[in-house]
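These are the residues of each chain, in order.
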Amino acid sequence: TVKSVLSVLQKEYDNENDRIKFITSKVQMMLTISSILITAIFFIIQAISKNETYLNKLMITNACTQLWITRFLFCAVFMILFAILLFLYILITKTFARIKFEAIVFDRELVKDTCEVESRLITTYEDALKSNIPVGDKMAWFFKWGTIIVAAAIGILLSVLIKAMP
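The structure contained in this document is the topic of the report that follows.

Conventions used here
- Residues numbered from 1 in each chain as written.
- Predicted model: local features only at pLDDT ≥ 70, side-chain atom pairs only at ≥ 80, totals over all residues.
- Heavy atoms only, no water.
- Helix = DSSP H or I, 4+ residues; strand = E, 2+ residues; numbered from the N terminus.
- Buried < 20%, exposed > 50% of the residue type's maximum accessible area, 1.4 Å probe, protein only.
- Contact = heavy atoms within 4.5 Å.
- Core = buried A, V, L, I, M, F, W, Y, C linked by side-chain atoms within 4.5 Å.
- Patch = residues over 30% accessible without salt bridge, like charges linked within 9 Å, V, L, I, M, F, W, Y side chains within 5 Å.
- Areas by Shrake-Rupley, 256 points an atom, 1.4 Å probe, with all protein chains shown as cover.
- Salt bridge = Lys/Arg side-chain N within 4 Å of Asp/Glu carboxyl O.
- Phe/Tyr/Trp six-rings, centres within 6.5 Å; stacked < 30°, edge-to-face > 60°.

### A closer look at the overall build of the protein chain
Right, on to step 1. Along its length, the protein chain carries 5 helices and 0 strands.
Right, on to step 2. Along the protein chain, from the amino end to the carboxyl end, the secondary structure elements read α-α-α-α-α.
Right, on to step 3. Going through the 166 residues of the protein chain one by one, you find that 37% of them count as buried.
Right, on to step 4. Nonlocal contacts in the protein chain, meaning residues at least 24 apart in sequence, comprise 88% of its contacts between residues at least 6 apart.

Encoded structure:
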């Protein structure tokens, strides 16, 4: 039974480690997408402020319409910036607990009964999981809300582009 408990805890620890790696890789992707969106929005705002021929195609000639579109676009920029802050917070909060091998690897530990060493390993894995699961949950929560905010900003951007189309 001690071996089966240790095996389950090792798998759970590995799963939690993989979950945190997965979230981190998705955060990096969302940071890239957010940066591209902000760049695109600033190009659109710049085009609106210069009132270029592109705007004539989009039929944004009314000054009031330009003002509202610019406001919506700035709102989208601030939403994306807020999402970027959430994503950066995820990358900063990497306090992932590791297994304390130094407590087990000493020569005097290797001489002890295997059941006793495995019991100590169980305690170590358990402590690490108790620490890591809330960290992973927090990262997932921030990622979820950052993604929702970016999606809402994309919705605003698309609605502005659709509204501006002839």
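Following the structure, the description resumes.
### Some remarks on the nonpolar core
Right, on to step 1. Ranked by size, the top nonpolar core spans 41 residues in total, and within it Ile41, Leu73, Phe87 and Ile90 carry the most contacts.
Right, on to step 2. Mapped onto this core, the elements with two or more residues apiece are helix H1 (2-50), helix H3 (63-92) and helix H5 (114-164).
Right, on to step 3. No other element matches the 15 residues that H5 contributes to this core.

### Quick notes on a nonpolar patch on the surface
Right, on to step 1. A surface patch of nonpolar side chains, about 380 Å² in accessible area, is lined by Phe42, Phe74, Phe78 and Leu81.
Right, on to step 2. Tallying contributions element by element places H3 first for the nonpolar patch, with 3 residues.
Right, on to step 3. With respect to the secondary-structure elements, Leu81 resides in helix H3.

### Concerning the packing of aromatic side chains
Right, on to step 1. Under the definition given, this model contains 6 aromatic pairs.
Right, on to step 2. Taking 4.7 Å as the distance between ring centres and 50° as the angle between the ring planes, the aromatic pair formed by Tyr89 and Phe142 counts as tilted. Of this pair, Tyr89 sits in helix H3 while Phe142 sits in helix H5, placing them 53 residues apart in sequence.
Right, on to step 3. Taking the relative accessible area as the measure of exposure, Tyr89 reaches 31% and is therefore partly exposed.
Right, on to step 4. Among the residues examined, Phe142 registers a relative accessible area of 16% and is labelled buried.
Right, on to step 5. Taken together, the aromatic side chains of Tyr89, Trp141, Phe142 and Trp145 make up a single cluster linked through ring pairs.

### Observations regarding the environment of Leu81
Right, on to step 1. Take Leu81: its relative accessible area is 38%, and that puts it in the partly exposed class.
Right, on to step 2. With 46 residues separating them in the primary sequence, Leu81 and Ser35 have C-alpha atoms 8.9 Å apart.

Coordinates in, geometry out; function isn't part of it.
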